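# Commentary on secondary and tertiary structure
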Amino acid sequence: MGNMSASDLDVADRTKFDKIFEQVLSELEPLCLAEQDFICKFFKLPQHQTLPGTPVVDTLEMDGGISSRPHTPGGQLSISSEKDVIRQMMTKIFRCIEVELNNLIALGDKIDSFNSLYMLVKMSHHVWTAENADPASFLSTTLGNVLVTVKRNFDKCISYQIKQMEEVKISKKSKVGILPFVSGFEEFAELAESIFRNAERRGDLDKAYTKLIKAVFINVEKVASESQKTPRDVVMMENFHHIFATLSRLKISCLENEKRDAKQKYGDHLQSYVINSLGQPLEKLNHFFEGVEARVAQGIREDEVSYQLAFNKQELRKVIKEYPGKEVKKGLDNLYKKVDKHLCEEENLLQVVWHSMQDEFIRQYKHFEGLIARCYPGSGVTMEFTIQDILEYFSSIAQSH
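In this numbering scheme, every chain counts its residues from 1 along its sequence in written order. Owing to the predicted nature of the model, reporting of local features is limited to residues with pLDDT of at least 70; listing and counting of side-chain atom pairs is limited to 80 or more, with chain, interface and lining totals taken over all residues. By convention in this description, side-chain values take in all heavy atoms of the structure and omit both hydrogens and water.

### A closer look at the overall build of the chain
- Under the DSSP-based scheme used, a helix requires at least four consecutive residues in state H or I and a strand at least two consecutive residues in state E, with every element numbered from the N terminus. Check the secondary structure of the chain and you find 14 helices and two strands.
- Every one of the 401 residues in the chain was classed for burial, and the buried ones make up 44%.
- Only the protein chains shown count as cover for residues, with accessible areas throughout obtained via the Shrake-Rupley method and a probe of 1.4 Å. Here the chain displays about 21,600 Å² of accessible surface, and carbon together with sulfur accounts for 52% of that area. Burial classes follow relative accessibility: with a 1.4 Å probe on protein chains only, a residue under 20% of its type's maximum area counts as buried, one over 50% as exposed, and anything between as partly exposed.

Here it is, written out as structure tokens:
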């Protein structure tokens, strides 16, 4: 098979089984119909409806025995009785079909539980075709019985995936990254969308999607809360970004609300991670201005804050001097390294996070400048670095790593 990846091999194996399953059903259908047509003609049994004056045969030989044909008043056989006789004969001839189909289905499920997706679509289509031709026929009844088994296997496949999500274990020593069941949902959805396109049983898939995505959301939050190596916000941000990207790409209509929820959760936790992380490079400055805002909240006028001993101009200058441009850049460089350690490469969000941190840092800088202007008017106190400096720091740090 050349240099095919494991996932390529999975697809090849599934496609191979799908073709075999379809071939079995496609060859079985005309065989059963031809035999039923022969029985009707040989025993002079009407195939669709009983016409007045149709000759009635009293007994039929079946498997060396005799099968009586019940009469209706007037000497005619009822339509339901005719169909019962036909079904009885077909069952004796093809009694192994249902058993063998169930064996084939069990084999397919054992090879790969995802084969139940192919089988559900194929079997549903053949049942639909058979029922349209004759809903009471032997073929329709047999395939309908087998479809129940296929649907049961499909439900088991969904339940097993949910169980795997609930039992997932993460390493305490390495960063979390994209959780295996999030990647697993993506794989399932990609496969399901290709299989169920224009399928009669789309409703079954939509119900499965609803169960799966609910379990994905619950267990991402569970793992994020239990994570020790990776911050909770990072686990939530990366995984919900991946879920949002998957749902946006596949355009699954029944999961539109979940797509919006995933986008919201990604954005919320990105913002939370950025704000929490940025509290560290200018920690003392943050604390100082939090104290200033607390005094204003208590009723002190903004232009009188500077008369408070702990928040006078000298204290402000002292805390500002602790953050010369060189130290700020050094703090941001350390922050970049820390963020890089938190984030996984596969989701590629480092530059997105870094740009958001730049925006938040500038927003905080402008907020500090505004407080200085309002609370220390005419003091001539300014920060020791400018917005242009900030832009240069962020850009050069990103390029140097």
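On we go.
### Some remarks on the pattern of salt bridges
- Just to be clear on terms, a salt bridge is a Lys or Arg side-chain nitrogen sitting within 4 Å of an Asp or Glu carboxyl oxygen. Applying the stated criterion across every chain yields a total of 17 salt bridges.
- For Arg374, the salt bridge is made with Glu302, and the minimal N-O distance between the two is 3.1 Å. Here Arg374, found in helix 13 (residues 350-375), pairs with Glu302, found in the loop between helix 10 (283-297) and helix 11 (313-321); they are 72 residues apart in sequence, far enough to count as distant.
- Salt bridges sharing common partners tie together Glu186, Glu190 and Arg249.

### Some thoughts on unusual backbone geometry
- The backbone of Asn198 shows a phi angle near 65°, a positive value even though the residue is not glycine.
- Its location among the elements puts Asn198 in the loop between helix 6 (180-196) and helix 7 (202-226).
- Judged by its relative accessible area of 76%, Asn198 is exposed.
- If you check the backbone angles, Lys251 has positive phi at about 50° while not being a glycine.
- Topologically, Lys251 is positioned in the loop between helix 8 (232-250) and helix 9 (256-278).
- On the basis of relative accessibility, which here comes to 64%, the residue Lys251 falls in the exposed class.

### Some points on helix 12 (residues 325-342)
- Helices are assigned an expected span. That span is 1.5 Å times one less than the residue count. Spanning 18 residues, helix 12 covers 26 Å between terminal C-alpha atoms, matching the ideal 26 Å at 1.5 Å per step.
- When helix 12 is considered as a whole, its buried residues turn out to be Gly325, Val328, Leu332, Asp333, Leu335, Tyr336, Val339 and His342.

### Some details on the packing of aromatic side chains
- Pairing of aromatic rings covers Phe, Tyr and Trp, the last counted by its six-membered ring, and requires centre-to-centre distances within 6.5 Å; plane angles under 30 degrees mean stacked, over 60 mean edge-to-face, and any other angle means tilted. Tallied over the full model, the rule gives 14 aromatic pairs.
- Plain terms: the ring middles of Phe154 and Phe196 are 6.3 Å apart, the flat faces sit at 45° to each other, and that makes the pair tilted. Of this pair, Phe154 sits in helix 5 (residues 138-166) while Phe196 is found in helix 6, placing the two residues 42 residues apart along the sequence.
- Counting every residue linked through ring pairs, the aromatic cluster contains Tyr336, Trp354, Phe361, Tyr365, Phe385 and Phe394.
- Here, over-ring charges are defined by two tests on the NZ atom of lysine or the CZ atom of arginine: distance to the ring centre within 6 Å, and angle to the ring normal within 35 degrees. Sitting over the face of the ring of Phe240, Lys265 holds its NZ or CZ atom 5.7 Å from the ring centroid.

### A closer look at the confidence of the model for the chain
- Confidence of the prediction at every residue is given by pLDDT, a number between 0 and 100. For the chain, per-residue confidence averages 84 on the pLDDT scale, and residues scoring 70 or more make up 84% of the total.
- Here residues 1-9 is modelled with pLDDT under 50, and outside its nearest four sequence neighbours on either side it reaches three contacts, counting other chains as well.
- Every residue in residues 49-77 is under pLDDT 50, and counting partners more than four places away or in other chains gives 51 contacts. The contact definition used throughout considers only heavy atoms, calling two residues in contact when any of these lie within 4.5 Å.

### Comments concerning the layout of surface pockets
- Counted as a void, the second largest pocket has a volume near 270 Å³.
- Site definitions follow a grid-based scheme: protein atoms alone, a 1 Å grid, a 1.4 Å probe that fits but cannot get out for cavities, and for pockets an open set with protein on both sides within 12 Å along at least five of seven lines, plus lining residues having an atom within 4 Å of a point. As for the second largest pocket, its lining consists of 16 residues, of which Phe114, Gln161, Gln164, Gly184 and Glu187 are closest to the centre.
- Elements that contribute at least two residues to the lining of the second largest pocket include exactly helix 1 (6-42), helix 5 and helix 6. Grid points are joined across faces, edges and corners, and a volume is the space filled by probe spheres set on the points.

### Here we look at the nonpolar core
- Put simply, buried Ala, Val, Leu, Ile, Met, Phe, Trp, Tyr and Cys residues joined by side-chain atoms within 4.5 Å make one nonpolar core. Residues Phe196, Ile243, Val353 and Met357 are the most contacted members of the largest nonpolar core, which totals 109 residues.
- Every residue in contact with Met357, bar those within four places of it in the chain, is listed here: Tyr273, Val274, Ser277, Leu278, Leu335, Val339 and Phe394.

### Here's the deal with the packing of helix 4 (residues 115-133) against helix 6
- As a packed pair, helix 4 and helix 6 sit with axes 10 Å apart at the nearest point and diverge in direction by 20°. Classified by the angle between their axes, helix 4 and helix 6 sit roughly parallel to one another. Crossing geometry of helix 4 relative to helix 6 is assigned as right-handed. Side by side, helix 4 and helix 6 meet where Leu117, Tyr118, Leu120 and Val121 of the first sit next to Phe188, Leu191, Ala192, Ile195 and Phe196 of the second.
- Each residue gets one of three labels, nonpolar for Ala, Val, Leu, Ile, Met, Phe, Trp, Tyr, Cys and Pro, charged for Asp, Glu, Lys and Arg, and polar for the others, Gly among them. Split by residue class, the contact of helix 4 with helix 6 holds nine nonpolar, no polar and no charged. With axes taken as lines fitted to C-alpha atoms, and helix axes fitted only over the stretch in contact, angles between N-to-C directions fall between 0 and 180 degrees. When describing relative orientation, an angle under 35 degrees is termed roughly parallel and one over 145 degrees roughly antiparallel, while 65 to 115 degrees is termed roughly perpendicular and anything else oblique. Working rule for handedness: look at the near helix, and if it is turned counterclockwise from the far one by less than a right angle, call the crossing left-handed; if clockwise, right-handed.

### A closer look at the environment of Lys211
- Here Lys211 is to be found in helix 7.
- Residue class for Lys211 comes out exposed when judged on its relative accessible area of 51%.
- Linking Lys211 and Ser159, residues 52 residues apart in sequence, is a C-alpha distance of 8.8 Å.

### Concerning helix 11
- Inspection of helix 11 places Leu316, Val319 and Ile320 among the buried residues, and these make up the whole buried set. Buried positions in helix 11, seen along its axis, are confined to an arc of 100° and lie on one side of it. Exposed and oriented more than 90 degrees from the buried face of helix 11 are Gln314 and Lys321.
- Polar contacts, as counted here, are pairs of nitrogen or oxygen atoms within 3.5 Å of one another; within protein the pair requires one atom able to donate a hydrogen and one able to accept it, and residues that are adjacent in sequence qualify only if both atoms are side-chain atoms. Capping the start of helix 11, Asn312 holds a side-chain oxygen 3.1 Å from the backbone nitrogen of Gln314, two or three residues further along. Directions are taken from the helix axis to each C-beta atom, and the arc is the one they span.

### Some remarks on the environment of Leu101
- With respect to the helices and strands, Leu101 occurs in helix 3 (residues 97-111).
- Along the backbone, Leu101 and Phe21 are 80 residues apart, and their C-alpha atoms lie at a distance of 9.3 Å.
- Filtering out sequence-adjacent residues up to four positions away, Leu101 remains in contact with Val24, Leu25, Leu28, Leu143 and Val146.

### Remarks on the packing of helix 7 against helix 9
- Packing of helix 7 against helix 9 brings their axes to within 11 Å, and their N-to-C directions diverge by 15°. Considered as vectors, helix 7 and helix 9 are oriented roughly parallel to each other. When you trace helix 7 past helix 9, the crossing you get is left-handed. Facing helix 7, whose interface residues are Ile213, Phe217 and Glu221, helix 9 presents Glu258, Asp261, Ala262 and Lys265.
- Looking at the contact of helix 7 with helix 9 residue by residue, the class counts come to three nonpolar, no polar and four charged.

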